[in-house]
Amino acid sequence: MRPPKHTLHHPSRQAAAMSMPMERWQRRSVYLTIALLTLSGVAWLVAHFFLRPVTEFGESVSPFEPWSMKLHGGAAMALLFLLGSMLNNHIRRGLRARRNRSSGWSMIALTGLLVLTGYGLYYLAGEMSRPAWSWVHWLIGGGFAAGLPLHVWLGRTNSS
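Residues numbered from 1 in each chain as written. Predicted model: local features only at pLDDT ≥ 70, side-chain atom pairs only at ≥ 80, totals over all residues. Heavy atoms only, no water.

Novice: Looking at this model, I keep getting lost on the overall build of the protein chain. Mind explaining?
Specialist: In terms of regular secondary structure, the protein chain is built from five helices and two strands. Reading the protein chain from its N terminus to its C terminus gives the helix and strand order α-α-β-β-α-α-α. Among the 160 residues that make up the protein chain, the fraction classed as buried is 24%. The long-range fraction of contacts in the protein chain, counting pairs at least 24 apart against all pairs at least 6 apart in sequence, stands at 68%. When the accessible area of the protein chain is evaluated, it comes to approximately 11600 Å², of which 69% is carbon and sulfur surface. (Helix = DSSP H or I, 4+ residues; strand = E, 2+ residues; numbered from the N terminus. Buried < 20%, exposed > 50% of the residue type's maximum accessible area, 1.4 Å probe, protein only. Contact = heavy atoms within 4.5 Å. Areas by Shrake-Rupley, 256 points an atom, 1.4 Å probe, with all protein chains shown as cover.)

Novice: Sorry, what's going on with the layout of surface pockets here?
Specialist: Here the largest pocket defines a volume of roughly 1200 Å³. Sorting the residues of the lining of the largest pocket by element identifies α2 (24-50), α3 (64-97), α4 (101-124) and α5 (130-159) as the ones contributing at least two each. Considering only enclosed or pocket space, the second largest pocket measures out at about 680 Å³ in volume. Listed by contribution, the elements that provide at least two residues to the lining of the second largest pocket are α2, α3, α4 and α5. Partitioning the lining of the second largest pocket into residue classes produces 18 nonpolar, nine polar and four charged. (1 Å grid on protein atoms, 1.4 Å probe; cavity = no way out; pocket = protein on both sides within 12 Å on 5 of 7 lines; lining within 4 Å. Points joined across faces, edges and corners; volume = space filled by probe spheres on them. Nonpolar A, V, L, I, M, F, W, Y, C, P; charged D, E, K, R; others polar.)

Novice: Hey, could you run me through the environment of I108 in this one?
Specialist: Relative to the helices and strands, I108 resides in helix α4. We classify I108 as partly exposed; its relative accessible area is 32%. Residues I108 and I91 lie 17 residues apart in sequence; the distance between their C-alpha atoms is 9.3 Å.

Novice: Even after reading the chapter, I still don't get unusual backbone geometry, so can you show me in this structure?
Specialist: For residues other than glycine, phi is negative in most cases, and the peptide bonds are mostly trans. Even without a glycine there, the phi angle at R98 is positive, about 60°. Mapped onto the elements of the fold, R98 is located in the loop between α3 and α4. R98 gets classed as exposed once you look at its relative accessible area, which sits at 57%. Positive phi, close to 55°, is recorded for N100, a residue that is not glycine. When its relative accessible area of 17% is taken as the criterion, N100 is described as buried.

Structure, rendered in structure tokens:
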């Protein structure tokens, strides 16, 4: 029998190289940030459509709208930072291992579309196009919020 081929890498490092789970701080930060994004987005929708106070001059902007939007924008910046921190350990390793790629690419694509439509809402949309930009952003955000638990579930069932 031949002895095993010598490698310069420690076996536990090789096993860890193909492991996709994020570190605890990273996973918790991603989940918390996505929860903040989802809740602040829903809060804005509720405030915008259902909590508009009526004054002597007609409907007014709810005081919750600007606060929910500020929280949403801050959480979006945090998620972009966290996505960057996931590129090496989680995304690159997942691609190399050829695991959970469909839902992973879906999450990346939805994130990209959310960034583009969020940018469009903030910098490009005028009064006429803002409802269309918003509608698309809401749909993609809902798809992202629904798709993340599926991505996590698929990753956990494929790794066992």
